[in-house]
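Fold and contact review
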Amino acid sequence: MRRLFPLPAPPVPTPETGKAEVAAVGPMDRPWAPAELAEAYAYPAADDPVRAGRPGWLRANMVSSLDGAAHHEGRSQPLSGEADMRIFGVLRALADAVVVGAETVRKEGYRPARAREVFAARRAAAGQGPAPAIAVVTAGLDLDFTLPLFTEPVVPTLVLTGAGAPADRVAAARAAGAEVLFAGEGVGVDPARVAGVLAERGHTRLLTEGGPRLLGQFAAADALDEMCLSLAPVVAVGGAPRIMNGPDVPVPERFALASVLEEDGFLFTRYRRS
């Protein structure tokens, strides 16, 4: 793993010797330990000005091929790699909740997030539970509530829907042990309300893993705070969508580059709202 941006500060002369001291360089050309990656991807503090007026911090993590495909044959795994999966695990370990669309849950075979011993002390110090909750965004609640995501979670799975969602499916979700949260007045979810509803449950460090339609809705609603994009050194071709697929916005929103890491030809970029 190499840090390409931001670069270390240039050497500067010290008053004592008048000689330039070389600034310490971060770990290079080796897999970073989980703690190093956790520091590189730490959430902004609650009092950070960049979070002013936001109920929480919604970060997205997606992978894309060189030609812009968000998946291959319906799954993101063919685009991923070892380093990408390490970062995937770290981002989950830092989050209070992982927000994901129902279609992605079905296609990717989502399971509960697991508790990882290497992050246990860090999560405890941050006041977090042993693992992040999975929060599934769905309008019709067309979900299989017998799957491990609902029957075997370390912490209860959350279902985010609208107040007008089918009552029988809401009851089925609750009977399966899921906690149903309403984040919209109609059948579906209002993406602008998701962060606030989750913050009311103490979940302010949010991670969304898509899919493209949900991520596009967050971006169009000005609800996305940070984009962690892994650029895979592969060409997928085909008709796969790009990482966001949502409504038009009047003016494209500009994000500021926060960091770039590289390993095995993958570029791991991080952009924040500017």
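Structural notes, computed from the coordinates. All residue numbers refer to positions counted from 1 along the written sequence of the respective chain. In keeping with the predicted nature of the model, local features appear solely for residues at pLDDT of at least 70, side-chain atom pairs appear and are counted solely at 80 or more, and the whole-chain, interface and lining totals rest on all residues. Here the side-chain values reflect all heavy atoms present in the structure, with hydrogen atoms and water set aside.

Some words on the side chain of His 71
For clarity, the threshold we go by: We count a stretch as a helix when DSSP gives it H or I for four or more residues in a row; a strand needs E for two or more, and each element gets its number in order from the N terminus. Accessibility here uses a 1.4 Å probe with only protein chains present; expressed as a share of the type maximum, an area under 20% marks a residue as buried, one over 50% as exposed, and anything in between as partly exposed. Throughout, a residue-residue contact means that at least one pair of heavy atoms, one from each residue, lies within 4.5 Å.
With respect to the helices, strands and loops of the structure, His 71 is situated in the loop between β4 (57–64) and α2 (82–94). What makes His 71 buried here is its relative accessible area of 17%. Each residue touching His 71, except ones within four places of it in the same chain, is listed here: Ser 76, Leu 79, Ala 240 and Pro 241.

Brief notes about the pairing of strand β10 (residues 226–231)
Regular strands have side chains that alternate between both faces of the sheet. Worth spelling out the cut-off: Strands qualify as paired when DSSP identifies two bridges or more between them.
Sheet analysis places β4 next to β10, joined by six bridges and oriented parallel. Considered in β10, the bridge of Met 62 is made with Leu 229. Of the strand pairs in this sheet, β10 and strand β12 (residues 266–273) are connected by six bridges, and their pairing is antiparallel. Residue pairing for β12: Ser 230 is matched across the bridge by Phe 268.

Considering unusual backbone geometry
Backbone torsion omega between Phe 5 and Pro 6 reads -5°, so that peptide bond is classified as cis. Here Pro 6 lies in the loop between β1 (2–5) and β2 (12–13). In this structure, Gly 211 follows Gly 210 across a cis peptide bond, with omega equal to 5°. In this fold, Gly 211 is placed in the loop between β9 (205–208) and α8 (212–220). One non-glycine residue, Leu 141, adopts positive backbone phi at about 55°. With respect to the helices, strands and loops of the structure, Leu 141 is situated in the loop between β6 (133–137) and α5 (148–151). Positive phi, close to 60°, is recorded for Asp 222, a residue that is not glycine. Along the chain, Asp 222 turns up in the loop between α8 and β10.

With respect to the packing of aromatic side chains
For clarity, the cut-off: Each aromatic pair joins two rings of Phe, Tyr and Trp (for Trp, the six-membered one) with centres within 6.5 Å, and gets the label stacked for planes under 30 degrees apart, edge-to-face for over 60, and tilted for any other angle. Think of it as a cone above the ring: NZ of Lys or CZ of Arg counts as a charge over the ring if it is within 6 Å of the ring centre and within 35 degrees of the ring normal.
Counting across every chain of the model gives two aromatic pairs. Seen from their ring centres, Phe 145 and Phe 150 are 4.9 Å apart, and the 75° between their planes marks the pair as edge-to-face. With a centroid separation of 5.9 Å and an interplanar angle of 5°, the aromatic rings of Phe 266 and Phe 268 are classed as stacked. The same class applies to Phe 266 as to Phe 268, namely buried. Above the ring of Tyr 43, the side-chain terminus of Arg 59 is found at 4.1 Å from the ring centroid.

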